[in-house]
Amino acid sequence: MGEVLTLREVSGPAPPGTDDVVVRMIASTVNPSDVLTIAGAHGSRTTFPFVPGFEGAGVIESAGCGVPRELIGQRVLPLGSAGSWQQLRCADWRWCVPAPADLPDEIARFAHINPLTAHLMVERFCTRAARNVLITGASTTIAGHLAELLAARGITSAGLHRGAPGRAWPHRGLWRCLVTTDRPGWAQQVRDSSQGGFDGV
Ligand SMILES: NC(=O)c1ccc[n+]([C@@H]2O[C@H](COP(=O)([O-])OP(=O)(O)OC[C@H]3O[C@@H](n4cnc5c(N)ncnc54)[C@H](OP(=O)(O)O)[C@@H]3O)[C@@H](O)[C@H]2O)c1
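The chain carries the name Alcohol dehydrogenase catalytic domain-containing protein in an unreviewed UniProt entry, which gives Saccharopolyspora hirsuta as its organism.

### Examining the site of the ligand
The environment of the ligand is formed by P32, I113, N114, T117, S139, T140, T141, I142, R162, A164 and R167. Measuring from an oxygen atom of the ligand, one finds a side-chain N or O atom of S139 at 2.8 Å. Between the ligand and R162 there is a distance of 2.7 Å, counted from an oxygen atom to a side-chain nitrogen or oxygen. Here the ligand loses 50% of its free accessible area of 930 Å² to cover by the protein chains. Only helix 3 (113–125) and helix 4 (141–152) provide two or more residues apiece to the shell around the ligand. In terms of residue count, the dominant contributor to the shell around the ligand is helix 3 (3 residues).

### Observations concerning the packing of helix 3 against helix 4
To describe two helices that pack against each other, one gives the angle between their axes and the distance between the axes. Running from amino to carboxyl end, helix 3 crosses helix 4 at an angle of 45 degrees, the nearest separation of the two axes being 9 Å. Considering their axes alone, helix 3 and helix 4 lie oblique with respect to each other. The handedness of the crossing between helix 3 and helix 4 is right-handed. Contacts between helix 3 and helix 4 involve N114, P115, T117, A118, H119, M121 and V122 on the former and, on the latter, T141, I142, H145, L146, L149 and L150. Its residues assigned to classes, the contact of helix 3 with helix 4 shows 8 nonpolar, 5 polar and no charged.

Rules used throughout
Residues numbered from 1 in each chain as written. Predicted model: local features only at pLDDT ≥ 70, side-chain atom pairs only at ≥ 80, totals over all residues. Heavy atoms only, no water. Near = heavy atom within 4 Å. Polar contact = N/O pair within 3.5 Å; in protein donor to acceptor, adjacent residues only side chain to side chain. Areas by Shrake-Rupley, 256 points an atom, 1.4 Å probe, with all protein chains shown as cover. Helix = DSSP H or I, 4+ residues; strand = E, 2+ residues; numbered from the N terminus. Axes fitted to C-alpha atoms, helices over the stretch in contact; angles between N-to-C directions. Parallel < 35°, antiparallel > 145°, perpendicular 65-115°, else oblique. Left-handed = near helix turned anticlockwise from the far one by under 90°. Contact = heavy atoms within 4.5 Å. Nonpolar A, V, L, I, M, F, W, Y, C, P; charged D, E, K, R; others polar.

Next up, the structure:
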């Protein structure tokens, strides 16, 4: 990414339009969707140059005349477009989701892409009684969310991962078993863990 990213000092945004707010970003993430977009994977919908950053949390600093006044000073997640990798970003207030006060900044900044995707996957695809789920890419952040949401439904997941050295498993107890694909016999281990068949992968 270093070959195409440039850090620039720019003057602050213009005064916000009627429905716009200026958000002072506190914490942003580097999500795989940022990396893909910067790499040009979504060329048809990306105009370069652009400010990356699909998610992050910040505080509304100023607002246009159409914005409810109580939102000024509110910590929000500006959604719907890139632009979180800057100190001040302009956004439509209707796309700014308030961040619950009990969520620390370092969690709030991640509270959009992966948790919502995992939530939708579980809501849409776990419609029948599932007992046994296999999650590939188990070391990813989104897999952790899936395992947590499934556990809340009483389902413990089997996880498949490539076995990167030094990988820490913060929520190890959520997994019924974790199978590493860089070890011989992993396919048999998956079969054994399926307990007669997976209800979902
Ligand atoms: N369409 C959507 O709405 C949507 C939403 C959310 C996420 N996603 C996608 O879901 C995926 C995971 O996202 P995330 O945020 O959870 O990612 P993440 O936490 O950054 O995890 C990325 C994982 O990829 C693994 N990895 C990297 N290079 C690899 C390689 N060469 N071979 C095998 N594994 C490799 C790493 O495994 P190690 O632990 O072994 O290093 C790492 O755990 C991404 O592709 C993301 O774009 C899509």
